[in-house]
Amino acid sequence: MPRLDNKMQNLRRTVSLLLLFVYALSFPLKAQVAEPVYDVVIRNGRVLDGSGNPWILADVAIKDGRFARVGKVDGKGRREIDARGRYVSPGWIDVMDQSGGVLRENGLAENKLLMGVTTAIGGEGGTPAPAEKVGEYFAELEKKGISINFGSYFSETQARVAVLGTSSKAPSPEELTRMKAIMETAMKGGAIGMTTALIYPPSSYATTDELVEMAKVAGQYGGIYASHIRGEGKELVQSVEEAIAIGERGGLPVEVFHLKAAYQPGWGKLMSEAGQKIEDARARGVDVAADIYMYTAGGTGLEAVIPSWAFEGGAEKLVERLKDPATRARLKKEIVTGSPGWWNIVEASGGWDNIILANAQNKDNARFNGKSLAAIAKELKKEPADAAFDLVMQGSGRVYAIYHMMSEQDVITALKFPWTSIGSDAGASRKPGEPDAIGLSHPRAYGNHVRLIARYVRDQRVLSLEEAIRKMTSWPATRMRLASRGIIKEGCWADVVVFDYDKLQDKATYEQPLLSPTGIEYVLVNGQVVIDQGKHTGARPGKVLYGPGRTS
Amino acid sequence: MNCFHRAVALALVVLILCGPSSHQLFAQTADTPYDIVIRNGRVLDGSGNPWILADVAIKDGRFVAIGRVAGKGKREIDASGKYVTPGWIDMLDASGNVLTTNGLAESKLLQGVTSLIAGEGGTPVPAEKLAEYFAGLEKSGISPNFGTYYGATQSRVAIVGQDSRSPTPEELVRMKALVETAMKAGALGISTALIYPPASYSKTEELIELASVAGRYGGFYVSHIRGEGKELVESINEAITIGEKGGLPVEIYHLKAAYQPGWGTLMRQAGETIEKARARGLDVAADMYLYTAGGTSLAAVVPSWAADGGRDKLLERLKDPASRTRLKNEIKTGSPGWWNIVEASGGWKQVVLASSGNPEHKRFENKNIEQIATEWNKEPADAAFDLIVESNGRVGALYFMMSESDVETALKYPWVSLGSDAAASPKLVDPNTAGNGHPRGYGNFPRVIAEYVRKKKVITLPEAIRKITSWPATRLRLASRGTIKEGNWADVVVFDYDKIQDNATYEFPFRTPTGIDQVLVNGEVVIENGKHTGARPGKVLYGQGRVQ
């Protein structure tokens, strides 16, 4: 009996060993079967493909930076994101970004990513490097790493200043040839086109003919002409026409930056007229469109209140002129009467009450931040124009102001044009919670893209959600010829925003412009999670988006 | 000096040797880096976006560059002044059978349609032969892309036959196994056509069970719903319930309000019903065709119980005086579980004979049942029944049962795509042939642009294109299709906006459209200036549940 018991025990031992062996064998096998097939799978979200299409209920699988499968996804991801009850959208594109400079210092671009922006197109003021260094500049961004995708225009004014300095004169034929060569170099360096900011001297000195010639070069390299047009107030329509003419004669697409009707007496009328001009041009076959930001106040340097001729010859000349009593008197008068070739932003804003100092760039004047120029003048017992001139001179850098010059109704009108996309006109901050790197505290730097949905889709029902998403995804991508971006489709780059529609809210206000929005849960750039449950992960998967003219 | 001379000479030799060869190398790659480049068109990317002016370069069947394209294509197409869009998708196609004998599908491609989604009536083969069927299409070659649903009714008929009873639990298990087989073979989902017996015998619970199998394999539930007249909203609700309980997306086929007294109200209620479901998170949408007449068998005028047991039984009952009297009476009073298409059309005058299998009926084509009845000196119902009996049940009719304003209301719903509800012709029919069909077979897709964009301005051009490109592609989870974007399959239509016109009418339903210059499927030109090139680059569009 004991022997039998022994035998049984042995048998048991053998069986259990065998079982253990089988188990051990099956374990790695099983593990292999369950091995993640994808890098990331976003499950069960309402997927908006970016095409203006209604959502579908689907899983989105990502591998090697790109969308690999959309629909029912059985394979697991190394990272699984539950998007039940959430919307899943392509990453949002900021078509008017100002981060060109700061990305070299802070590639994380937290304030952009926290508002769902995965791609920024900079360069209203040009590249932070001269044409011959544009290639190098892009390479530097790639080397340091950026969290966001980034492309940039090269500014016509950069070419102008390199050849003509800050002089207001027209280039000679020989000078123009040199300017064109500079533009060519920039396009070959990977610029996506040519910009102007025609309200600011010395950009404003460029004539239409000069710009047509320069635009032709950008066009040869597949570039776009993008412009902060010459006037956005009562001269809006003519200014839009000029941009269209440059595109038509230069043979390239045109982007009108931050389309706005900044002239109180023209509210309700100018915007429709400008829209009609663009529609007419499109009907003729001219590839023209525009972008807008989501606020009724603009923001720029306070020096914009000074007639442009005063800037000729540069900053020192300006200070000289402001110090000279006779010149100062003339400038003050011209703010009332106007000055040829200058866009009167004071008139556009409806007076000094609507111009708010945003960043004095001076410790003593910091107490005036957030106050109107009218109020500051009263306190200083000066005329508002004098107060403005003095603040400009006392700033250690560029002094910024907020100009309340648009109507909500016009913003809505512009938003409804099918060809408008969304640009913030703001840069990334050096550090999160700081004003954007150019030093301008405007809520658009922290809230712009979220505001489109929170305010204009959910609260005011101006647009459908899918239409709003289209304006921030597939449309700018198609428009800027960004290859394989802007839609959730197998093979495209996996830029993604996962958001909670009900909780989505821009928090930045004019009073507290540095608050990031709520409701953005995950943001992916080229398949990597950059914002994870509202926090920046430190990942830098962004790519430089080169123009088609690049010769590498 | 000597050394220097030698070095120079060597350098020259090297230059001479390398110069031309490197030049040749360059020429080889730089000459025609692309298969096709479509130049200077107004490119609508399919996303509802406005056009951009751009070149579109194609290589190896896919889009590779959009914008300014410097490199040349082996084939260059000048699209100046023309629109360039993704290929159009027919969400309700009926070509499952005809593709096995005519893969060219000329009548579809000439309309700009590059992808066909078929299967309202199921696949032309049983579930276990489906993989073979797809392989057969791939082998013989097809010009358009093609995918299909499997008919829930196919599984029913295979197990329960033509009986109107519900399946037993054991039978249901077998039916589910058939759906599973079809899904693994690559079906896109399951379909029902619940006005037709024996499909109409299926109860909601039975369909939920079958749908849940399709859902596990990433499939859809698509349905020609139980009633499209006064019971429209309940019928949509049934489809939604099946999607909700089955856990899969729902597609309502040819959304319509086919009930004259409900025109103007039913369609709105139907739209609200779908939007409410979507707001709850249910993935529901619909498609439609662009005509106010539907077309189906004339047998649809017969209460459905009469078809219990199949066609022979139906003909028998129509011949039997007692049954005939009862059926005639029910066309007036209604019959449970049957959708009264005569009432929906607003009477016999709105029911027109389209085609009959009996040559003696030829003279009646294009006449309405009331006219035919007068000629025959019969009651209209008797005339209709006799037409069915004398043609052995093979008789088609047009039912003018919708209102133009409801068509417009439906077209504006952002979740509506387009389906023709027509099969490709076995071969192109002589354009001067009168009657004998429905214009949707030759005109449906150009019609959305010619009639509803250009003439009536109901929707914009980018929106119309979205409804026939990116939306159906996204909706059906068709990988890498429906938009013009680098990496996507190059299905393309190049058309002239001013000239595009559907020419098919009820009188001449076989007239092909004008204004479509080129149609490309997977990067190959299939239509060139109104002519089919004979190319067969189409692919089978498999469902996501396919097991290879």
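Since we're looking at a predicted model, the values are computed, not measured.

## Details of the overall build of chain A
Moving on, step 1. The secondary structure content of chain A amounts to 17 helices and 21 strands.
Moving on, step 2. Referenced to the eigenvectors of the C-alpha coordinate spread, the extents of chain A come out at roughly 125 × 50 × 40 Å.
Moving on, step 3. Looking at chain A residue by residue over its 552 residues, the buried ones come to 56%.
Moving on, step 4. Long-range contacts, defined here as pairs at least 24 residues apart, represent 76% of the contacts in chain A between residues at least 6 apart.

## Brief notes about the overall build of chain B
Moving on, step 1. If you tally the helices and strands in chain B, you get 17 helices and 21 strands.
Moving on, step 2. Projected onto its principal axes, the C-alpha coordinates of chain B cover approximately 120 × 50 × 45 Å.
Moving on, step 3. If you take every contact in chain B between residues at least 6 apart in sequence, the share linking residues at least 24 apart comes to 76%.

## Re the interface of chain A and chain B
Moving on, step 1. If you look at the interface, chain A gives 35 residues, while chain B gives 33 residues.
Moving on, step 2. Those elements giving two or more residues to the side of chain A that touches chain B turn out to be strand E2 (56-63), strand E3 (66-71), helix H16 (465-472) and helix H17 (474-479) of chain A.
Moving on, step 3. Counting residues per element, the side of chain A that touches chain B draws most heavily on H17 of chain A, at four residues.
Moving on, step 4. In terms of residue class, the side of chain A that touches chain B is built from 14 nonpolar, twelve polar and nine charged.

## Brief notes about the sheet that holds strand E7 (residues 113-118) of chain B
Residues and elements named next belong to chain B.
Moving on, step 1. If you walk across this open sheet you meet the three strands as E6-E7-E8, and the pairing is parallel. One side of each edge strand has no neighbouring strand; the edge strands of this open sheet are strand E6 (88-93) and strand E8 (145-148). Averaged over neighbouring strand pairs, the angle between their axes works out to 20° when direction is ignored.
Moving on, step 2. Two strands pair when backbone bridges link them, and E6 and E7 are joined in this way by four bridges, in the parallel orientation. Bridge pairing links aspartate 90 to leucine 116 in E7.

## Some details on the packing of helix H4 (residues 152-160) of chain B against helix H5 (residues 169-185) of chain B
All names here are of chain B.
Moving on, step 1. Close contact between H4 and H5 brings their axes to 9 Å; oriented N to C, the two are set at 135°. Overall, the two elements H4 and H5 adopt an arrangement that is oblique. Every pair of crossing elements has a handedness; the one defined by H4 and H5 is right-handed. When H4 is examined against H5, the residues Ser155, Arg156, Ala158, Ile159 and Val160 are found in contact with a partner set consisting of Glu171, Arg174, Met175, Leu178 and Val179.
Moving on, step 2. When the residues that make up the contact of H4 with H5 are grouped by side-chain class, the tally is six nonpolar, one polar and three charged.

## Let's talk about the sheet that holds strand E15 (residues 355-359) of chain A
Residue and element names in this part refer to chain A.
Moving on, step 1. Read from one edge to the other, the open sheet built from three strands follows the order E14-E16-E15, with strand pairing classed as antiparallel. Edge strands, defined here as strands with exactly one partner in the open sheet, are strand E14 (297-301) and E15. Sheet twist, expressed as the average angle between the axes of neighbouring strands with direction ignored, equals 30°.
Moving on, step 2. Here E15 runs beside strand E16 (residues 400-404); their pairing, made up of four bridges, is antiparallel. Following the sheet pairing, leucine 357 is matched in E16 by alanine 401.

## Comments concerning the environment of proline 472 of chain B
All names here are of chain B.
Moving on, step 1. In this fold, proline 472 is placed in helix H17 (residues 470-475).
Moving on, step 2. Between the C-alpha atom of proline 472 and that of glutamate 106, which follows or precedes it by 366 residues, the distance is 21 Å.
Moving on, step 3. Setting aside residues up to four positions removed in sequence, proline 472 forms contacts with Ile89, Met91, Ser417 and Gly482.

## Concerning the pairing of E8 of chain B
Residue and element names in this part refer to chain B.
Moving on, step 1. Going residue by residue along E8, you find Asn145 and Gly147 tucked away on one face and Phe146 and Thr148 tucked away on the opposite face as well.
Moving on, step 2. The pairing of E7 with E8 spans four bridges and is parallel. Bridged to serine 115 within E8 is asparagine 145.

## A closer look at the environment of leucine 463 of chain A
Moving on, step 1. On the secondary structure map, leucine 463 of chain A appears in the loop between helix H15 (444-459) and H16.
Moving on, step 2. What leucine 463 of chain A contacts, discounting residues up to four positions off in sequence, is Leu415, Tyr456, Val457 and Ala468 of chain A.

## Points about unusual backbone geometry
Moving on, step 1. Of note, the bond from proline 201 of chain A into proline 202 of chain A is cis; its omega dihedral lies within 30 degrees of zero at 5°.
Moving on, step 2. Here proline 202 of chain A lies in the loop between strand E10 (193-197) and helix H6 (208-220).
Moving on, step 3. Residues proline 197 of chain B and proline 198 of chain B are joined by a peptide bond in cis, for which omega reads 5°.
Moving on, step 4. Take proline 198 of chain B: it is sitting in the loop between strand E10 (189-193) and helix H6 (204-216).
Moving on, step 5. One non-glycine residue, asparagine 526 of chain A, lies in positive phi territory at about 45°.

## Thoughts on the confidence of the model for chain A
Moving on, step 1. Residue-level pLDDT values for chain A average 93, and 94% of them are 70 or greater.
Moving on, step 2. Contacts of residues 24-32 of chain A to residues separated by more than four positions or lying in other chains number zero contacts, the stretch itself having pLDDT below 50.

## A word on the environment of alanine 226 of chain A
All names here are of chain A.
Moving on, step 1. Relative to the helices and strands, alanine 226 is located in strand E11 (residues 224-228).
Moving on, step 2. Considered as a pair, alanine 226 and leucine 176 are 50 residues apart in the sequence and their alpha carbons are 20 Å apart.
Moving on, step 3. Each residue touching alanine 226, except ones within four places of it in the same chain, is listed here: Tyr153, Gly193, Thr195, Glu255 and Phe257.

## Notes on helix H8 (residues 270-283) of chain A
Residue and element names in this part refer to chain A.
Moving on, step 1. Compared with an ideal rise of 1.5 Å per residue, which puts 14 residues at 20 Å, H8 spans 20 Å between its outermost C-alpha atoms and is within 8% of the ideal.
Moving on, step 2. For H8, the full list of buried residues reads Leu270, Met271, Ala274, Gly275, Lys277, Ile278 and Ala281. Down the axis of H8, the buried side of the element spans an arc of 155°, and every buried residue falls inside it. Facing away from the buried side of H8, by more than 90 degrees, are the exposed residues Gln276 and Ala283.
Moving on, step 3. Residues of H8 that are buried make contact with helix H7 (236-250), strand E13 (288-292) and helix H14 (408-416).
Moving on, step 4. Glycine 285 sits one or two positions beyond H8 and adopts a positive phi of about 100°.

Conventions we followed
Residues numbered from 1 in each chain as written. Chains lettered and ligands numbered in written order. Predicted model: local features only at pLDDT ≥ 70, side-chain atom pairs only at ≥ 80, totals over all residues. Helix = DSSP H or I, 4+ residues; strand = E, 2+ residues; numbered from the N terminus. Buried ≥ 20, exposed ≤ 12 C-beta atoms within 10 Å, placed from the backbone. Contact = placed C-beta atoms within 7 Å. Nonpolar A, V, L, I, M, F, W, Y, C, P; charged D, E, K, R; others polar. Pairing = 2+ DSSP bridges. Axes fitted to C-alpha atoms, helices over the stretch in contact; angles between N-to-C directions. Parallel < 35°, antiparallel > 145°, perpendicular 65-115°, else oblique. Left-handed = near helix turned anticlockwise from the far one by under 90°. pLDDT = per-residue confidence, 0-100. Expected span 1.5 Å × (residues − 1). Arc of directions from axis to C-beta.

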